[in-house]
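Residue-level listing of the chains:
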Amino acid sequence: MERVDDDTPADRLYLKGLAIRYERHVGKWLPIMWHLALRKHAGAMIELADWFLNDGSADPFGTPADAFSAAGLYRRAYKQGDLRAAQHMALSCFNKDDMAGYRHWLGQGAKAGDGEAKQERKRFETRLWHADAGRVRRLRPKQKRDGFA
């Protein structure tokens, strides 16, 4: 979860949706996120795209041209200026074994000012340490440079 101030009504509603989803408050978070995503709230678009990828459907990723697929929502959130969307898109491409897409979205994040994406692009690796990399046979052991090890 990213840090959001409750300056605007949309941000307050977004925080309410996050509280419902992650902190088990009373209510339904999905209609709130759809409401905000249709009004171009980048955080809500990323939440919906993450949910699409984890809901177990047959083709959850889709294409960037499809506005209501995970890829389309990530792309639109990135266009709104949210760097997390480029990170999520890059890892989703990696998990689909799409190395060209992975490198492209790392480049987009680096161009937008994400230092972590810039470093990752410099040391472009076809193997990563997280569990999803194991599903596409691109797993490697955790190392100190990962920051999470």
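Since this is a predicted model, take the numbers as computed values, not measurements.

Q: Can you help me understand the nonpolar core in this one?
A: Nonpolar side chains in soluble globular proteins generally cluster together in the buried interior. Met-33, Phe-61, Tyr-102 and Trp-105 are the most contacted members of the largest nonpolar core, which totals 35 residues. Breaking this core down by element, the ones donating at least two residues are helix 1 (9–22), helix 2 (29–37), helix 3 (42–54), helix 4 (70–79), helix 5 (83–95) and helix 6 (99–111).

Q: Please clarify how the side chain of Ser-92 should be interpreted in this entry.
A: Looking at where Ser-92 falls in the secondary structure, it is placed in helix 5. Within the local environment of Ser-92, its side chain forms a polar contact with the backbone oxygen of His-88, the two atoms lying 2.9 Å apart. Leaving out residues up to four positions away in the same chain, Ser-92 has contacts with Leu-53, Phe-61 and Tyr-74.

Q: Help me out: how do you make sense of the confidence of the model for the protein in this one?
A: The predicted coordinates should not be examined in detail at positions where pLDDT is low. Within the protein, residue pLDDT values average 82, and 83% of them lie at 70 or more. The least confident element of the protein, judged by mean pLDDT, is helix 8 (residues 131–135) at 70; the most confident is helix 2 at 93.

Q: Sorry, what's going on with the packing of helix 3 against helix 5 here?
A: Any two packed helices are characterised by the angle at which their axes cross and by the distance between the axes. Relative to each other, helix 3 and helix 5 sit at 15 degrees, their axes nearing to 10 Å. Classed by the angle they form, the pair helix 3 and helix 5 counts as roughly parallel. Crossing of helix 3 over helix 5 shows left-handed handedness. Of the residues in helix 5, those in contact with Gly-43, Ile-46, Asp-50 and Leu-53 of helix 3 are Arg-84, Ala-85, His-88 and Ser-92. Looking at the contact of helix 3 with helix 5, its residues break down into three nonpolar, three polar and two charged.

Q: Where do I start with helix 6 in this structure?
A: The periodicity of an α-helix, 3.6 residues per turn, causes residues three or four places apart in sequence to face the same way. Between its first and last C-alpha, helix 6 extends 18 Å over 13 residues, near the 18 Å set by a 1.5 Å rise per residue. Those residues of helix 6 that fall on the buried side of the exposure criterion are Met-99, Gly-101, Tyr-102, Trp-105, Leu-106, Gly-107, Gln-108, Gly-109 and Ala-110. As for helix 6, its buried residues are in contact with helix 4, helix 5 and helix 7 (115–122). The first or second residue beyond helix 6 is Gly-113, which carries a positive phi of 110 degrees.

Q: When you look at the environment of Leu-106 in this model, what are you seeing that I'm missing?
A: Mapping Leu-106 onto the fold places it in helix 6. Those residues in contact with Leu-106 that lie beyond four places of it in its chain are Ala-90, Ala-117, Glu-120 and Arg-121.

Q: Would you mind going over helix 5 with me for this structure?
A: Spanning 13 residues, helix 5 covers 19 Å between terminal C-alpha atoms, matching the ideal 18 Å at 1.5 Å per step. Taken residue by residue, helix 5 has Arg-84, Ala-85, Ala-86, Met-89, Ala-90, Ser-92, Cys-93, Phe-94 and Asn-95 as its buried positions. For helix 5, the N-terminal capping position is held by Asp-82, with its side-chain oxygen 3.0 Å away from the main-chain nitrogen of Arg-84. Residue Asp-97 follows helix 5 closely and has a positive phi angle near 65 degrees.

Q: Got a minute to help me understand the packing of helix 4 against helix 5 in this structure?
A: Where helix 4 contacts helix 5, the axes come no closer than 8 Å and their chain directions differ by 150 degrees. Classified by the angle between their axes, helix 4 and helix 5 sit roughly antiparallel to one another. Between helix 4 and helix 5 lies a crossing whose hand is left-handed. Between helix 4 and helix 5, the residues in contact are Ala-71, Tyr-74, Ala-77 and Tyr-78 and Ala-85, Ala-86, His-88, Met-89 and Ser-92, respectively. Residues that form the contact of helix 4 with helix 5 fall into these classes: seven nonpolar, two polar and no charged.

Parameters and conventions
Residues numbered from 1 in each chain as written. Predicted model: local features only at pLDDT ≥ 70, side-chain atom pairs only at ≥ 80, totals over all residues. Heavy atoms only, no water. Core = buried A, V, L, I, M, F, W, Y, C linked by side-chain atoms within 4.5 Å. Buried < 20%, exposed > 50% of the residue type's maximum accessible area, 1.4 Å probe, protein only. Helix = DSSP H or I, 4+ residues; strand = E, 2+ residues; numbered from the N terminus. Polar contact = N/O pair within 3.5 Å; in protein donor to acceptor, adjacent residues only side chain to side chain. Contact = heavy atoms within 4.5 Å. pLDDT = per-residue confidence, 0-100. Axes fitted to C-alpha atoms, helices over the stretch in contact; angles between N-to-C directions. Parallel < 35°, antiparallel > 145°, perpendicular 65-115°, else oblique. Left-handed = near helix turned anticlockwise from the far one by under 90°. Nonpolar A, V, L, I, M, F, W, Y, C, P; charged D, E, K, R; others polar. Expected span 1.5 Å × (residues − 1).

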